Amino acid sequence: MTVTLEVRDGVGTLQLDRPPMNALDVAIQDRLRELAEEATRRDDVRAVILYGGEKVFAAGADIKEMQAMDHTAMVLRSKGLQDAFTAVARIPKPVVAAVTGYALGGGCELALCADFRIAADNAKLGQPEILLGLIPGAGGTQRLARLIGPSRAKDLIFTGRMVRAEEALTLGLVDRVVPAAEVYEQAHAWAAQLAKGPALALRAAKESIDAGLETDLDTGLTIERNWFSGLFATEDRERGMRSFVEEGPGKATFL
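Because the structure is a prediction, the values reported are computed rather than measured.

Criteria and thresholds
- Throughout this description, residue numbers start from 1 for each chain and increase along the sequence as written.
- The predicted nature of this model means local features are confined to residues of pLDDT at least 70 and side-chain atom pairs, given and counted, to a pLDDT of 80 or more, with totals for whole chains, interfaces and linings taken over all residues.
- With hydrogens and water set aside, each side-chain value is computed from the structure's full complement of heavy atoms.
- Should DSSP find at least two bridges between two strands, the strands are regarded as paired.
- The numbering of helices and of strands both runs from the N terminus, where a helix is a DSSP run of H or I of at least 4 residues and a strand a run of E of at least 2.
- All axes here are fitted lines through C-alpha atoms, helices being fitted over the stretch that makes contact, and every angle between N-to-C directions spans 0 to 180 degrees.
- Whether two residues touch is decided by their heavy atoms; if any such pair falls within 4.5 Å, the residues are in contact.
- Throughout this description, the term nonpolar core refers to a set of buried Ala, Val, Leu, Ile, Met, Phe, Trp, Tyr and Cys residues connected via side-chain atoms within 4.5 Å.
- To sort residues, take the accessible area from a 1.4 Å probe on protein chains only and compare it with the maximum for the residue type: under 20% means buried, over 50% means exposed, and anything in between is partly exposed.
- For a crossing to be left-handed, the near helix must be turned anticlockwise from the far one by less than a right angle; the clockwise case is right-handed.
- Polar here means any residue other than Ala, Val, Leu, Ile, Met, Phe, Trp, Tyr, Cys and Pro, which are nonpolar, and Asp, Glu, Lys and Arg, which are charged; Gly is therefore polar.
- Patch membership needs two things, relative accessible area over 30% and no salt bridge, and members are linked within 9 Å if like-charged or within 5 Å if nonpolar (Val, Leu, Ile, Met, Phe, Trp, Tyr).
- What sets the accessible areas is the Shrake-Rupley method with a 1.4 Å probe; for residues, cover comes only from the shown protein chains.
- One side-chain nitrogen of Lys or Arg within 4 Å of one carboxyl oxygen of Asp or Glu is enough to make a salt bridge.
- Under the counting rule used here, the positive set is Lys and Arg, the negative set is Asp and Glu, and His together with the chain ends is not counted.
- In this description, the location of a charge corresponds to atom NZ of lysine, CZ of arginine, CG of aspartate or CD of glutamate.
- Regarding the arc, it is the one traced by the directions from the helix axis to the C-beta atoms.
- A pair of Phe, Tyr and Trp rings is counted when the ring centres sit within 6.5 Å of each other, with Trp represented by its six-membered ring. The angle between the planes then sorts it: under 30 degrees is stacked, over 60 is edge-to-face, the rest tilted.

Caption draft 1: Representation of the sheet that holds strand E8 (residues 162-164) in the model. The mixed open sheet is built from three strands, whose spatial order is E5-E7-E8. Looking at which strands have only one partner, the edges of the open sheet turn out to be strand E5 (102-104) and E8. Across this sheet, the average inter-strand angle for adjacent strands is 20°, counted without regard to direction. Bridge count between E5 and strand E7 (residues 124-126): three bridges; the pairing is parallel. Paired with Tyr-102 across the two strands is Lys-124, which belongs to E7.

Caption draft 2: Quick look at the sheet that holds strand E3 (residues 47-51). Taken in spatial order, the six strands of this open sheet run E1-E2-E3-E4-E6-E9, and their pairing is mixed. Each edge of the open sheet is held by one strand with a lone partner, namely strand E1 (3-8) and strand E9 (176-178). Here the strands of the sheet are splayed against their neighbours by 20° on average, with no regard to which way each runs. Across four bridges, strand E4 (residues 95-99) lies against strand E6 (residues 116-120) in parallel orientation. Bridge pairing in E6 places Val-96 opposite Phe-116. Those strands touched by helix H1 (residues 26-41) are E1, strand E2 (11-16) and E3, and its axis lies near 25° from that of E1.

Caption draft 3: Representation of the nonpolar core. Counting 47 residues, the largest nonpolar core has Leu-50, Phe-57, Val-99, Leu-125 and Leu-173 as the members making the most contacts within it. Residue contributions to this core peak at six residues, all from helix H3 (residues 71-89). Residues Val-11, Ala-47, Val-96 and Ala-187 belong to the second largest nonpolar core, which totals 16 residues.

Caption draft 4: Fine view of the packing of H1 against H3. At a closest axis distance of 8 Å, the pairing of H1 and H3 adopts a crossing angle of 35°. Relative to H3, the crossing made by H1 is left-handed. Only Arg-77, Leu-81, Asp-83, Ala-84, Ala-87 and Val-88 of H3 make contact with H1, whose side of the interface consists of Val-26, Gln-29, Asp-30, Leu-32, Arg-33, Ala-36 and Glu-37. Taken together, the residues of the contact of H1 with H3 break down into seven nonpolar, one polar and five charged.

Caption draft 5: A negative patch on the surface, seen in detail. Together, Asp-121, Glu-166, Glu-182 and Glu-185 make up a region of like negative charge exposed at the surface. Mapped onto the elements of the fold, Asp-121 is located in the loop between E6 and E7.

Caption draft 6: Here's a closer look at helix H6 (residues 150-159). Taken residue by residue, H6 has Ala-153, Leu-156 and Ile-157 as its buried positions. Seen from one end, H6 has its buried residues packed into an arc of 90°, which puts them on one side. Across H6 from its buried face, at more than 90 degrees, point the exposed residues Ser-151 and Phe-158. Structurally, H6 contributes buried residues whose contacts are with helix H5 (140-148), E8 and helix H7 (165-171). Once H6 ends, the next one or two residues include Gly-160, with phi positive near 75°.

Caption draft 7: Region of interest: the environment of Lys-79. Mapped onto the fold, Lys-79 is located in helix H3. Owing to a relative accessible area of 55%, Lys-79 belongs among the exposed residues under this scheme. Placed 105 residues apart in sequence, Lys-79 and Tyr-184 show a C-alpha to C-alpha distance of 31 Å.

Caption draft 8: Quick look at the packing of aromatic side chains. Going through the model one piece at a time under the given rule, you end up with three aromatic pairs. With a centroid separation of 4.8 Å and an interplanar angle of 45°, the aromatic rings of Tyr-51 and Tyr-184 are classed as tilted. With a gap of 133 residues between them, Tyr-51 in strand E3 and Tyr-184 in helix H8 (residues 183-195) connect regions that are remote in the sequence. Note on Tyr-51: relative accessible area 10%, which makes it buried. Between Phe-116 and Trp-190, the ring centres sit 5.1 Å apart and the planes meet at 5°, which makes this aromatic pair stacked. Of this pair, Phe-116 sits in strand E6 while Trp-190 sits in helix H8, placing them 74 residues apart in sequence. The same class applies to Phe-116 and to Trp-190, which are both buried.

Function cannot be inferred from these measures alone, as they are strictly geometric.
Rendered as structure tokens:
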């Protein structure tokens, strides 16, 4: 399989599996969308890890496959490409990218779909599409600018340069840098902690933040208010408040 989904302790690992560099061809894109939608549906998946394996996250698109496409073929394919990544970004559960080795082009764009990014100290990230006479086509011009700001995004996209993990941390492109041998372990610890949390409240928080970033403040506050009041109808809210009153903060357990 080109992508797999394995679940342990409430954490689903979406792992790319196309050696040696996890080049993101059409088959891997389509399978990624299918499994992202499956992770969305499954109640036993409460948090998700994006992972490419110990050596490389994803070095980008399959250039040989793309070279054979003309304008018409890419017009037909480009929405499928974006839909695959959007399916990952819209998983209504906490998602962490465990980035090892190269995360370039589509690989970097896939990491951008996560809520949190943990990178190996040997990771290299970038959007080198300009060196092919192209621009990022799987969300890079949009998600990267929203994450690190337009000026920094333009620097990376205009030059096509790669950044090492420490610079990526300074830019805000990744959130934590750890030894390469610890990337998956730390990603799983982050995801497993959140997998024990209140699923509906986590979904509400994620959707409120993500949707609010796409609109004006007043509309964002309305989104927040609707989710906030709606959570008063949930068992998790009852559990959380009852535990706080009876036992003190931070001791509630959620189903």
